[in-house]
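Listed below, chain by chain, are the residues.
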Amino acid sequence: MESMEADSEQRPLYRKQSHYKNLDEIFYIEKEQYRGQQYSQIYFARLHFMRTLLYSLIPGWKPQIPVCKVLGLEEGKECILVGTLYKRMKLKPMILDEYSKERSATPLVKAHNFMNSNDYLVLEDETGRVRLDGSVLLPSVHVTGVVVAIHGKATGAGSFLVQDFLDAGLPPQLGTTLTLNEDKYVVFVSGINAGSTSSNPLMFQLLVDHLTGHLGDEKEQRFGAEIVHVVIAGNSVELPTSSLNGQNLAPKDLSAISDPIKELDIMLTQIAAGVSMDIMPGSNDPANFSLPQQPLNKCLFRGASSCEAFRSCTNPHFFELDNISFLGTSGQNIEDLDKYSSAKDKLEFMERTLKWRHIAPSAPNTLGCYPFSDRDPFLLESCPHVYFVGNQDRFETRFLKASEGQIVRLICVPRFCETGTAVALNLRNLDCHALSFDIQFS
């Protein structure tokens with residue numbers, strides 16, 4: 001245990017400990033073999049899993065309505081279809097448009113969003129596809145890749161009029177009762193972006209000193225002693241892309257690439273010397289682009305990797321602390337949903353992924369992922385107690401409560417380099433609050 005002694009007259013403070021269990025095995029691709037498979041297989045695996053689940057829910061939803069396939073539709077006859085949604089989007093970027101002689105001059109509605117009032121949904125199963133009509137299943141809410149059950153009837157125009165729909169809902173949760181009787185905290189931070197113009201090393205050093213008990217009065221140090229784990233949720237470093245052109249690098253270019261990583265390693269070594277920590281890769285980090293991102297190579301962190309408490313993890317990241325389960329990403333899944341659908345806030349996107357039982361439904365259509373041949377690792381078989389997403393614009397949080405007793409703490413972790421804010425979560429009751437740091441010189 002790390003001793004945190006404020007001065008010689010005070011009793012030393014010892015950091016509390018927790019039991020940690022890494023559950024990232026489902027996201028590792030090192031045992032996968034690429035044999036030229038296409039993405040259709042991950043869609044088949046997703047549909048097979050979700051259809052079995054939805055079939056078990058239909059008797060309690062609409063037991064009197066028959067279930068059929070797209071090929072078996074009869075005009076005017078009510079039935080239930082189960083399939084994968086495809087969203088036809090007029091403004092969706094297409095790689096073929098780059099080679100088209102006649103490029104569209106239609107302006108985008110928003111610089112970051114590709115939705116249009118003419119978008120519509122199609123449902124597809126193994127037998128065929130059918131366009132969906134009606135105002136029940138909204139294109140603005142759903143994205144390509146979501147599996148749902150829909151109730152309605154075929155029309156004379158060859159479409160399907162949706163009258164009601166059913167999604168899978170939250171998966172079962174193991175241990176819905178919190179049993180911890182003392183305060184223990186997990187701290188989340190993301191978007192450090194060491195080496196970027198927006199990064200402030202002094203502000204990050206304040207966070208490091210706070211985590212390790214070298215900052216603040218006795219009250220602050222007592223809080224620091226209750227921090228049992230730190231999660232760094234992606235985009236920890238920003239490298240100059242102009243230097244990564246495949247050419248031989250001059251010494252100054254090598255320094256521009258290595259210096260941000262060395263700076264980050266110094267900070268992480270200080271944290272890992274005193275408290276257990278996980279680091280996840282993000283979209284800007286030196287890792288594979290497609291999900292699931294594999295752990296950052298430990299050779300990047302020569303100092304931190306020598307500490308037993310340092311762990312390089314996958315993105316998405318799944319783990320347990322004192323029997324409380326955590327699931328999180330570095331933000332790519334939610335940012336992609338924000339491009340192709342709409343919601344009142346980022347927490348609503350997070351809620352939808354839990355109710356759809358899939359944390360990255362838009363992969364592989366608009367979000368890069370590995371072409372798994374026999375499974376979809378992003379499917380949710382159990383409900384986490386804490387669901388966090390990194391690299392967001394601001395700190396947001398709320399509880400999501402389901403009818404079967406599941407309770408999930410949703411957390412949007414803001415970019416630290418822009419906001420100076422980390423997030424602390426109490427394992428005793430899942431309450432969380434922001435830790436804000438600022439530097440002002442008069």
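Just above sits the structure.
**Student:** What's the story with the sheet that holds strand 15 (residues 386-392) in this structure? I'm lost.
**Tutor:** Within a sheet, each strand pairs with its neighbour through backbone hydrogen bonds, oriented either parallel or antiparallel. The strand order 3-13-14-15-17-16 describes an open sheet built from six strands, whose pairing is mixed. Looking at the sheet topology across the chains shown, the edges are occupied by strand 3 (20-22) and strand 16 (396-401). Each adjacent strand pair in this sheet contributes to an overall mean axis angle of 20°, direction not counted. Each of strand 14 (324-329) and strand 15 is contacted by helix 5 (residues 332-340), which is oriented at about 70° to strand 15, the strand it contacts most. Against the sheet, helix 6 (residues 346-355) touches strand 15, strand 16 and strand 17 (407-414), its axis set at about 135° to strand 17.

**Student:** Can you walk me through the environment of Tyr370 in this structure?
**Tutor:** Assignment of secondary structure puts Tyr370 in the loop between helix 6 and strand 15. With 341 residues separating them along the chain, Tyr370 and Ile29 place their C-alpha atoms 8.1 Å apart.

**Student:** Any chance you could explain helix 2 (residues 201-211) here in plain terms?
**Tutor:** Since one α-helical turn is 3.6 residues long, residues separated by three or four positions face the same way. Summarising burial for helix 2: eight of the eleven residues are buried, a large majority. Among the residues of helix 2, Met203, Phe204, Gln205, Leu207, Val208, Asp209, His210 and Leu211 are the ones counted as buried. With a side-chain oxygen lying 3.0 Å from the backbone nitrogen of Leu202, the N-terminal cap of helix 2 falls on Asn200. Gly213 lies just past helix 2 and shows a positive phi near 85°.

**Student:** Mind showing me how you'd approach the packing of helix 5 against helix 6 here?
**Tutor:** One can describe the packing of helix 5 onto helix 6 by two numbers: an axis separation of 10 Å at closest approach and a directional angle of 105°. One finds that helix 5 runs roughly perpendicular with respect to helix 6. Between helix 5, through Ile334, Glu335, Leu337 and Asp338, and helix 6, the contact on the second element is made entirely by Lys346, Phe349, Met350 and Thr353. Looking at the contact of helix 5 with helix 6 residue by residue, the classes come out as four nonpolar, one polar and three charged.

Cut-offs and rules
Residues numbered from 1 in each chain as written. Predicted model: local features only at pLDDT ≥ 70, side-chain atom pairs only at ≥ 80, totals over all residues. Heavy atoms only, no water. Pairing = 2+ DSSP bridges. Helix = DSSP H or I, 4+ residues; strand = E, 2+ residues; numbered from the N terminus. Axes fitted to C-alpha atoms, helices over the stretch in contact; angles between N-to-C directions. Contact = heavy atoms within 4.5 Å. Buried < 20%, exposed > 50% of the residue type's maximum accessible area, 1.4 Å probe, protein only. Polar contact = N/O pair within 3.5 Å; in protein donor to acceptor, adjacent residues only side chain to side chain. Parallel < 35°, antiparallel > 145°, perpendicular 65-115°, else oblique. Nonpolar A, V, L, I, M, F, W, Y, C, P; charged D, E, K, R; others polar.

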